[in-house]
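Fold and contact review
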Amino acid sequence: MPAVSKGDGMRGLAVFISDIRNCKSKEAEIKRINKELANIRSKFKGDKALDGYSKKKYVCKLLFIFLLGHDIDFGHMEAVNLLSSNKYTEKQIGYLFISVLVNSNSELIRLINNAIKNDLSSRNPTFMCLALHCIANVGSREMAEAFAGEIPRILVAGDTMDSVKQSAALCLLRLYKTSPDLVLMGEWTSRVVHLLNDQHMGVVTAAISLITCLSQKNPDEFKTCVSLAVSRLSRIVSSASTDLQDYTYYFVPAPWLSCKLLRLLQCYPPPEDGAVKGRLVECLETILNKAQEPPKSKKVQHSNAKNAILFEAIALIIHYDSEPNLLVRACNQLGQFLQHRETNLRYLALESMCTLASSEFSHEAVKTHIETVINALKTERDVSVRQRAADLLYAMCDRSNAKQIVAEMLSYLETADYSIREEMVLKVAILAEKYAVDYSWYVDTILNLIRIAGDYVSEEVWYRVIQIVINRDDVQGYAAKTVFEALQAPACHENMVKVGGYILGEFGNLIAGDPRSSPLVQFNLLHSKFHLCSVPTRALLLSAYIKFINLFPETKSTIQEVLRCDSQIRNSDVELQQRAVEYLKLSSIASTDVLATVLEEMPPFPERESSILAKLKKKKGPGAVSAGELEEGKREGGEVNGWEVNQQKSEPSQENASSLTTSPSPTPTAMHLSLTSFFFPSSLSQSTPSPSADLLGLRSAAPVSAAPVSAGSLLVDVFSEAGPAASTAGVNDDGFLRFVCKNNGVLFENQLLQIGIKSEYRQNLGRMYLFYGNKTSVQFVSFSTTLKPVDPLVEGGAQVQQVINIECLSDFSDAPLLNIKFRYGGALQNLSLKLPVTINKFFQPTEMSSHDFFQRWKQLSQPQQEAQKIFKANHPMDTEVLKAKLLGLGTALLDNVDPNPENFVCAGVIQTKAQQIGCLLRLEPNAQAQMYRLTLRSSKDTVAKRLCELLSEQF
Amino acid sequence: MQFMLLFSRQGKLRLQKWYVPLSDKEKKKITRELVQTVLARKPKMCSFLEWRDLKIVYKRYASLYFCCAIEDQDNELITLEIIHRYVELLDKYFGSVCELDIIFNFEKAYFILDEFLLGGEAQETSKKNVLKAIEQADLLQEVSHHEGSRFVD
């Protein structure tokens, strides 16, 4: 039985709780609960009207059962009834039940709101508070609609009791957070600010949270709060510990209110009024001074409350970032905490110092603590503290201490917790690049990183080292030598093999003079790793081999032999087999000149923001790294060692620039479609393109420089089949919509350029051929598209072909955008076109009987699963044309399904990588009215809606 | 504050208060994940941890863990003392509170919390004022209970 049952105990409830506690197993508990639920249900359904006490007791039991984690599907009405009881205890339980189990049942909400309304106007403060608590706990939009106007009046009315004001303030805050549009500013706002002056500390404590939230959104309207807050703070800070009576907490005067005041001030810049500012600086100094005084109590509550204020004051000092003296004092104070015996304080000091490190006034002061922080990274027992230390080291790093910090981070990585390794790797990679004075140090660092934590080195990191090595010829020889040495280790990480394969393939010649790293030795070393590697790495190695044949003709026969053996040329993996076949052929038929051109050294990569930084930002949220990053940029003149500190998102690497997911102008579609494209006018192009992007762009890069395009080599001339299209400027909505029900035709045409499309789709994959035809007799120069590099010159009258592979990852509405740029007679032409990739392209037709069709139709009967449109016919209502269009859509056209033979019904399944989405369609023509009614049902609402939009433009 | 959870060393949830709208499913998922994370931590560890995009502040009192989720801008130390003040309120009200009091009088634990925190913000930090409000309510209960018992007996 219970220890105590204060106030009004409910015996039945206590017995029930005891029973549950005595249950030996989960099954027994469920049995007991079901028994109780049956009992309560019968009581609620019984003829005998229940008295208030029983109703309260049963509602309370239901609540208990719900809180145990079981579902409750009845009792709401009884709880609502309790709200209108005039017995406080019953009302209270009713409100508690409603607060915990909100039900969006509109009928109930109306009843609940009625009861609340009655209590709010009862003028009984206890009832009013109950009602306000309920609104604050539920905070639904319906409640905001009903009460957002009323509560401000209660809050500022002269005769409202203090306790009601407190509840009203926080209740309004909750409504403002959920439905800001419903809480209208008005005459009350100025009076709310003056609550900061209220005599009752509780009222100030509650009101200030509301004021802070409102100030963030409407700073101008509330700016008078700054001086009020400063004077209130000043009074608290300078008060003796006994002045505030019960608002003093373990000898600290009003810690909660102080923190909230300091927090409010962080919504504004430093006060302009000199007197106010002086007073505030005085407060901040007093708070810093108090930290040095001996504690008034040994209790942790005392020091926590005191330090809570101190940390909030430091946050304000950092926010102002204008008082060097205070910043340095703050830093010294935090420095003391770094060695405090309380783990909590060490954690917070590390966290807070991280933001101090980005201020120019305190950056140097923070740096003096480097040894302590490094020590924390090595010795803290709690991983969350070590994480903070790593963050701080990252934030305090600059050119003067980069080598030390990177070295410490690397050595920490050897034993670092798995949970933070990936982030640490990114940080090391970024610091190494950012502060690299000599690039050999950079190469060493990254290779060490791969050696120590290879599993956590993401693609971005090793892409980046390759980009940098390619762009800096002073480091290429060193990189080749170092990676060659690293590969000698008996067990080396696959990422090392990737970097090694790429770098030796490009720059192996720089170390080939040394007999210890002669071409054959290099090749044998790489090939000794081959069999242990995954398919993508092997593919990369094969590309390295063909580059070897070009660099070192003496290796040709050895490598050809490798390529020729069954395990390559008959490999079950298509990609590997294809590479082996192509490279073998290339090496045997191409002349050395052709080979040299095809396998020319990679051109330098355009400089841009490091993809690694973008990744870290994504991982940590924008605030976490950008502050320090931008600060650094500012200090060193915007560009650091070829690093553009650039907020604009650009593609992470040239290697996968072809993927639209990372293209410079991401459209919403980019989330859903990944396109890989390449351009293949040479003989290589006849082979099957792989759906996976060529990791290192060898295939795409090589042919571009290899063979110019001529109009004569085109395989398909699509222009002959399509009539001339109206020329459109900018976005091609007309052209785009014409492709919903067909796959081939002219996408765009103007006086200069014609773009033809041929496409084919299977399941969730597709391939699209784009033909760019120069209609003029003048050459286009600097021709480029966002898909993938093409030959920049398009001769007059010539046509250029591009092929893209498409994979539908999940359903989407917006089409990918294609940007085309070129110069014609000196003028820059810029076109932006929607690629005609629509969700219906991934339809698989589904045949089904009438019975099946209607059964499924009924299963999809939720309102959001259906999209319907009634529209006027734009074209003659020809049955055969309609059928052709519906078939072109990709669905199966089902005969004898609809009872009305005039109607059309179709069924299909959209294949995406993520899921399959079933869709049913019904088109009802009305010949007299020249109207259609189109209905779509789909297991996914966005799909039904999108198909309906697309199709309603087709008939 | 986004939510507060009280759970036992065995991982049984004793009180849950949510100040942001979440589905029941989401609440259960969060609870499961957090209970597991916090229980796995060793006694001397720091009371704060990053979790998703929130900061978790927790403290153990006897067999019960008090765990709050706050936002990035919120103050960890003052949140620790919010927990402590709540414990003091419970202690004063029940007289040396223990886990059983909260199990058997869960509704009271909720009422006290509502007087102290509302919408995730401190409403009244004076111990005296909060207890006065609760005691007044209890007084009202006793009166009505007497009225109620007259009918039944």
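Before reading further, recall that the structure is shown in the block above.
Since the structure is predicted, the reported quantities are computational estimates derived from the model, not experimental observations.

1. A look at helix α2 (residues 26–45) of chain A
All names here are of chain A.
- For α2, spanning 20 residues, the distance from its first C-alpha to its last is 28 Å, which sits close to the expected 28 Å at 1.5 Å a residue.
- Along α2, the positions that sit buried rather than exposed are Glu29, Arg32, Ile33, Glu36, Leu37, Ile40 and Phe44. Along the axis of α2, the buried positions cluster into a sector of 140 degrees, meaning they face one direction only. Counted as exposed and oriented over 90 degrees from the buried face of α2: Glu27, Lys31, Lys35 and Lys45.

2. Side note on the sheet that holds strand β11 (residues 817–824) of chain A
Residue and element names in this part refer to chain A.
- With respect to topology, 3 strands assemble into an open sheet ordered β9-β11-β12, the strand pairing being antiparallel. Both edges of this open sheet fall to β9 (780–785) and β12 (827–834), since each of them pairs with a single strand only. Sheet twist, expressed as the mean angle between neighbouring strand axes with direction ignored, is 15 degrees.
- The pairing of β9 with β11 spans 4 bridges and is classified as antiparallel. In the strand pairing of β11, Val781 is matched with Arg823.

3. Considering the interface of chain A and chain B
- Tallying the contact residues gives 73 residues for chain A and 62 residues for chain B.
- Both sides of the chain A and chain B interface together cover about 6000 Å² of buried area, and 56% of this is carbon and sulfur.
- Where chain A packs against chain B, one counts 3 salt bridges.
- In this structure, Arg388(A) and Glu50(B) form a salt bridge, with 3.0 Å as the shortest nitrogen-oxygen distance.
- Connecting chain A to chain B are 25 residue pairs in polar contact (both at pLDDT 80 or more).
- Across the side of chain A that touches chain B, the residue classes tally to 35 nonpolar, 23 polar and 15 charged.

4. Quick notes on the pairing of β12(A)
Residues and elements named next belong to chain A.
- Where β11 meets β12, 8 bridges bridge the pair, whose relative direction is antiparallel. Each bridged residue has a counterpart across the sheet, and for Arg823 the counterpart in β12 is Leu828.
- Following β11, the chain reverses through 2 residues before pairing antiparallel with β12; Gly825 in that reversal takes a positive phi of roughly 55 degrees.

5. A look at the environment of Ile82(B)
Residue and element names in this part refer to chain B.
- Of note, Ile82 is situated in helix α2 (residues 76–94).
- A residue is classified by how much of its surface remains accessible, and Ile82, at 8% relative accessible area, is buried.
- A sequence separation of 43 residues divides Ile82 from Thr125, and the C-alpha atoms of the two residues are 8.6 Å apart.

6. Examining the side chain of Lys55(B)
- Mapped onto the secondary structure, Lys55(B) falls in strand β4 (residues 54–61).
- We classify Lys55(B) as buried; its relative accessible area is 8%.
- Within the structure, the side chain of Lys55(B) is placed 3.1 Å from the side chain of Glu76(B), a separation counted as a polar contact.
- The residues contacting Lys55(B), other than those within four sequence positions of it, are Glu351(A), Leu49(B), Cys68(B), Ala69(B), Ile70(B), Glu71(B), Asp72(B), Asp74(B) and Glu76(B).

7. Considering unusual backbone geometry
- Despite not being glycine, Tyr250(A) shows a phi value in the positive range, around 45 degrees.
- Note on placement: Tyr250(A) falls in the loop between β1 (248–249) and β2 (252–253).
- On the accessibility criterion, Tyr250(A) (22% relative accessible area) is partly exposed.
- The backbone phi angle of Arg52(B) is positive, close to 50 degrees, even though this residue is not glycine.
- In this fold, Arg52(B) is placed in the loop between β3 (48–51) and β4.

About the criteria used
- Residues numbered from 1 in each chain as written.
- Chains lettered and ligands numbered in written order.
- Predicted model: local features only at pLDDT ≥ 70, side-chain atom pairs only at ≥ 80, totals over all residues.
- Heavy atoms only, no water.
- Helix = DSSP H or I, 4+ residues; strand = E, 2+ residues; numbered from the N terminus.
- Expected span 1.5 Å × (residues − 1).
- Buried < 20%, exposed > 50% of the residue type's maximum accessible area, 1.4 Å probe, protein only.
- Arc of directions from axis to C-beta.
- Pairing = 2+ DSSP bridges.
- Axes fitted to C-alpha atoms, helices over the stretch in contact; angles between N-to-C directions.
- Contact = heavy atoms within 4.5 Å.
- Buried area = accessible area lost by both parts, 1.4 Å probe.
- Salt bridge = Lys/Arg side-chain N within 4 Å of Asp/Glu carboxyl O.
- Polar contact = N/O pair within 3.5 Å; in protein donor to acceptor, adjacent residues only side chain to side chain.
- Nonpolar A, V, L, I, M, F, W, Y, C, P; charged D, E, K, R; others polar.

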